[in-house]
Amino acid sequence: MSQFLQFVVLGLAVGSVYSVFATSLVGIYAATGVINFAQGSIALWAVYVVAALRTDGTYVLPIGSISLGSEDSPTPMVLAIVIGVASAALWALIAHYLIFRPLRRAPVLAQVVASVGLMLFLQALVDLRFDTESLMALPILPQTTFELAGAVINLSDLLLAVVAIVIALLFWAYFSLTTFGVATRAGSEDELAARLAGYSPDRLAAIVWVITGAASGLIVVLGAYTIGLDATSYTFYIIPALAVALVGRLTSFGVACVAGLVLGAFQAVILWAGTLEWWPTWAQTGVGDAVPFIVVVIALFLLGGKIPSRGSLGEAKMPAVFIPKIRPIPVVLTIGAVVAAVLLTSGSWRFGIVTSMILSLIALSLVLLTGYLGQISLASMAFAGSAGFALSKVTTNWGVPFPLSILLSTLIATALGVVVGVPALRIRGAQLAVVTLAAALAIQSFVFNNPSITPFEGNLISDPKLFGWDLSVRQGSELTTIEFSMMVLVVVTVLTLIVMRFMAGATGRAFLAVRSNERAAASVGINVAATKLLGFALSAFLAGVGGCLIGYSRGQLSAASFTVIIGLTLLAMTYVGGITSVSGAFIAGIIGPLGVGYVFLTQTIDFGQYYQIIAAGSLLLMAVLNPVGVVGAVRETVDHIKARAGKNRNNNTSGPDTSSVATSEPKASSHVG
C-alpha cells in the first residue's frame, strides 16, 4: 500500500503539467475557438531557456544568444525563471498575431495544420538552438521528503499540484470575475456582439494567449527537475492534456485541473503495476500512453454534442478540391521521367527516389481522407507502421510470399483504420484530429515501442520474390536495386491510377458531398457513416501498402521509421504540396522525409539538420497565406491567366455594334469549393 501511495504522489508531478496545459487549452478555446496542439512546444522553449541560463548564463534566442553569466556564475534562479516564463508568453503572443489571428475565419483544417506546424517548428527550433543532449534541469522547488503511511513523499510533487490548482483558480477568476474575462466568454458566443459592445476580440484573445503561455511555461520550469528534460515528451504532453480538457468539455477549468492530476497519478500507478509479478508482460510498455486515447474517445462520445462551438463572423470555406483526370500523355511522361531518374542514379539518390514514391502513396492516403473527405487524420504513419510490422511477422514467421504478404499486412492496417475512424461517426474537425493524434501516439507507444509485440531487434522482413524473380532492395554493394525500384513504381502507379479513377467516380462525389455538408449529403440518400468508414479504410489501406514498401526497402524495421513526428512532417509536406490534389501528394513525396528533397538538402547544400524546421515553417506559411498549397496556387494562376486571355479574345472579336453584349457560358470548374 505504501508503494501505491508513493507512486500516486509521484504521478502528481506529470499530472500538474497535464492540468495546467489542459486549463490553458480551455482558456484558449474560450477566447479563440482554437485547439492549440502547440501548447506543449511553447512551454518546451521556456524550460530549455531556463536550463541554459542556469547552466552557463546563456540566454538563447531563436537567432543568436546573449550572455547573462558564465559557468562559474550562471544566471540567478529567479531571473532565469522570469526570462523563461516571459519567453513562453512571447511565443504565445507571436502565435496569436502571426498565425491564429489571420486564420480566425479559416476552415478548421487550416487551423489544425497551423497548430501542428507550430508544434513541429518550435520542437525543431529547440533541437537546433539548444544542446538538448547535455542540458539538465536544476531543482527549483524544495526537494525535502517526509513519510506518510509508510510511503516516502517528495514535497515538490505536492507543491506542483498546489501550483496547478492555483493556476486553475486564477483562470477561473479571470474568466468569471473580471470584465475582460467575461467579455472574452461573451465574444466566444457572439464575436460581433462583443465588437459592438466596444471590446476587441483580438486583444482579449491576445491577453489569454499571454497568460496561458506564461502558465504553461511556469509549470514545466518548476517540474522539469522531477520530470526530466526531453523535447519529445513535453511536446506530446499535449495529448493527455487534450484528453482531460475534453473531459471538462473545453469549458470547465476545475474539471480539467482535477482530471489532469488524476490522469497523472493513474499513469504512475500503471507504471508501478508493470513491476508486479502478476502484471502481463505485453502490458508493461505503453499502456499508460494508451490511456489518454481511451479517455479522449470516451469523452468525445459522451460529451461530443455538448462541447460548445465558437461563434464567428462568417462561414469558413474549405480549400478547393481538384478532381483528378487521367490523361495518358502526362501519365506516360511522368512514368518515363521516374524510370529515367532511377536508371541514371545510384546510391542514396536512387534510394531517395524510391522513398519519394512510397511517401507519395502515403501522402495520397491523406489527400483522399483529409483533403477529399474532409476528415482530419494525424495517424497516417501509425497505419503504415502497423502494416510494416505485420509484414515482418507474415514473411518471417508465417512464410507468406510476395505479394500476398503485402495484401495480408495491409488488411490489418485497414482494420485498424476502421477502428480509429469509428469516432468520426460522431465527431469531426479539430476534435477528430485530437482522436487520431492520440491514437497515433498510443499505437507508437503500445505497439511500435513495445518489445513484447515488436522486438527492438529481430523485425526482419524476407526479401520479395515473384515467380523466381528477385526483387530485393539490396544486392551486394548496391543500396537500391533497379528491380526493387521498378516494383515500387508499378505498385505506386497502379494504386494511384485506381484512386484517381475512384475520386472522379460516384463514390468520390459522395466523399465530396460529405465533406461539404453531411446533413445535405444524408438528405440525398448518401450513407454518411458508411462513407466515412470507407474513407478511413481506403486511406489506411494506401498507407499500409506504403508501410509495407518501407519495410521491404529497409529489410528490418524499427519504431523510428514510423514515429508520430514523421507522420506529422509528412502531413505538413502534403499540405504544402496541396492536400486537396493528387499532384500535391507527389510534391509531398518529393520533399518528404528521406525523399529526394531531403537527399538534396543533406548531400548538396548540407542543410539536413534544418529539414524539420523548413518543413514546419513552410506549413505555417501555406496555412496562413495559401491554404490550397503549391498545386492549388499554380492552377489558380493558370485559370486566372486563361480567363484574362479569354476575356481579351472576346473583347478583340466583338463587333462595332455596341448594342449587343458578348456573353459566354462559364466553363465547368474542375474544382469544388
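Right above here is the structure, for reference.
Now for a quick tour of the structure. Each chain carries its own residue numbering, running from 1 in the direction its sequence is written. With the structure being a predicted model, the display of local features is reserved for residues of pLDDT at least 70 and the display and counting of side-chain atom pairs for 80 or more, all residues being used for whole-chain, interface and lining totals. Only heavy atoms go into the side-chain values, all of them from the structure, while hydrogens and water stay out.

Attention now goes to a positive patch on the surface. Residues qualify for a patch when their relative accessible area is over 30% and they have no salt bridge, like charges being joined within 9 Å and the nonpolar side chains of Val, Leu, Ile, Met, Phe, Trp and Tyr within 5 Å. Working definition of accessibility: Shrake-Rupley area with a 1.4 Å probe, residue cover restricted to the visible protein chains. We define a salt bridge as a contact between a side-chain nitrogen of Lys or Arg and a carboxyl oxygen of Asp or Glu at a distance within 4 Å. By the counting rule applied here, Lys and Arg register as positive and Asp and Glu as negative, while His and the ends of each chain are not counted. Taken as the charge location is NZ of Lys, CZ of Arg, CG of Asp or CD of Glu. A surface patch of positive charge is lined by Lys 325, Arg 327, Arg 635 and Lys 642. Numbered from the N terminus, helices here are DSSP runs of H or I no shorter than four residues, and strands are runs of E no shorter than two. Examined against the element boundaries, Lys 325 turns out to sit in the loop between β5 (321-322) and α13 (328-344).

Further remarks concern the environment of Ala 46. Structurally, Ala 46 can be placed in helix α2 (residues 39-56). Remark: exposure states derive from per-residue accessible area (1.4 Å probe, protein chains only) relative to the maximum for the residue type, with buried under 20%, exposed over 50%, and partly exposed in between. Residue class for Ala 46 comes out buried when judged on its relative accessible area of 0%. Here the alpha-carbon distance between Ala 46 and Ala 390, two residues 344 residues apart in the chain, equals 40 Å.

Turning our attention to empty space enclosed by the protein. Here a cavity means grid points, on a 1 Å grid over the protein atoms only, where a 1.4 Å probe fits yet cannot get out; a pocket means an open set of points with protein on both sides within 12 Å along at least five of seven lines; lining residues are those with an atom within 4 Å of a point. Grid points are joined across faces, edges and corners, and a volume is the space filled by probe spheres set on the points. Summed over the entire model, instances satisfying the criterion amount to 3 cavities of 30 Å³ or more. Looking at the largest cavity, its volume works out to about 60 Å³. Taken together, Val 47, Val 50, Ala 51, Arg 54, Ala 137, Leu 138, Ile 140, Val 221, Ala 224 and Tyr 225 make up the lining of the largest cavity. Sorting the residues of the lining of the largest cavity by element identifies α2 and α8 (201-227) as the ones contributing at least two each. Ranked by residues supplied to the lining of the largest cavity, first place goes to α2 with 4 residues. Three classes are used, and their members are as follows: Ala, Val, Leu, Ile, Met, Phe, Trp, Tyr, Cys and Pro are nonpolar, Asp, Glu, Lys and Arg are charged, and the others, Gly among them, are polar. The residue makeup of the lining of the largest cavity, split by class, is 9 nonpolar, no polar and 1 charged.

Between N-to-C directions, angles span 0 to 180 degrees; the directions come from axes that are lines fitted to C-alpha atoms, helices contributing only their stretch in contact. Viewed as axis vectors pointing N to C, helix α1 (residues 2-32) and helix α11 (residues 253-273) meet at an angle of 145°, and their least axial separation amounts to 5 Å. Taken as a pair, α1 and α11 cross one another with a handedness that is right-handed. Taken together, the residues of the contact of α1 with α11 sort by class into 16 nonpolar, 10 polar and no charged. Each crossing is labelled by how the near helix is turned from the far one, with a counterclockwise turn of less than a right angle marking it left-handed and a clockwise turn marking it right-handed.

Turning our eyes to something else, we now look at the pattern of salt bridges. Scanning the model with the defined rule gives 3 salt bridges in all. The salt bridge partner of Arg 101 is Asp 202, with a shortest N-O separation of 3.1 Å. In this pair, Arg 101 is assigned in the loop between α3 (77-100) and α4 (108-129) and Asp 202 in helix α8, connecting sequence segments 101 residues apart. For the salt bridge of Lys 532 with Glu 518, the shortest nitrogen-to-oxygen distance reads 2.8 Å. Of this pair, Lys 532 sits in helix α21 (residues 528-554) while Glu 518 sits in helix α20 (residues 518-523), and the two are 14 residues apart along the sequence.

Within the secondary structure, Arg 350 is located in helix α14 (residues 347-372). Residue classification places Arg 350 among the buried residues on the basis of a relative accessible area of 5%. Separated by 245 residues in the primary sequence, Arg 350 and Gly 595 place their C-alpha atoms 9.6 Å from one another. Here, two residues are considered to be in contact whenever any of their heavy atoms come within 4.5 Å of each other. In this structure Arg 350 touches Val 342, Leu 343, Thr 345, Glu 478, Thr 480, Thr 481, Ile 482 and Ser 485, once residues within four positions along its chain are discounted. At 3.0 Å, the side chain of Arg 350 forms a polar contact with the side chain of Glu 478. As used in this structure description, the phrase polar contact means that two N or O atoms lie within 3.5 Å; if the pair is within protein, one of them must be able to donate a hydrogen and the other to accept it, and residues adjacent in sequence are counted only when both atoms belong to side chains.

Moving on: α8. In this scheme, a helix's expected span is set at 1.5 Å multiplied by one less than its residue total. Spanning 27 residues, α8 covers 36 Å between terminal C-alpha atoms, matching the ideal 39 Å at 1.5 Å per step. The sharpest bend along α8 measures roughly 30° and falls at Val 221. Phi for Gly 228, located one or two positions after α8, is positive at around 95°. To get the bend at any residue, fit one axis to the seven residues that end at it and another to the seven that begin at it, then take the angle between the two axes.

For Phe, Tyr and Trp, rings pair up if their centres lie within 6.5 Å, where Trp contributes its six-membered ring, and each pair is then called stacked (planes under 30 degrees apart), edge-to-face (over 60) or tilted (otherwise). Enumeration according to the criterion identifies 16 aromatic pairs in this entry. Here the aromatic rings of Phe 4 and Trp 272 are separated by 6.0 Å at their centres, their planes lie at 70°, and the arrangement is edge-to-face. Of this pair, Phe 4 sits in helix α1 while Trp 272 sits in helix α11, and the two are 268 residues apart along the sequence. Arranged with centres 5.3 Å apart and planes meeting at 90°, the rings of Tyr 174 and Phe 175 form a pair that is edge-to-face.

Across 4 bridges, the pairing between strand β3 (residues 145-148) and strand β4 (residues 151-154) is antiparallel. Residue pairing across strands places Thr 145 opposite Asn 154, the latter belonging to β4. Taking the residues that link successive antiparallel strands as the turn, the β3-β4 hairpin has 2 residues, and the phi of Ala 149 there is positive, at about 55°. Strand pairing is assigned whenever DSSP detects at least two bridges linking the two strands.

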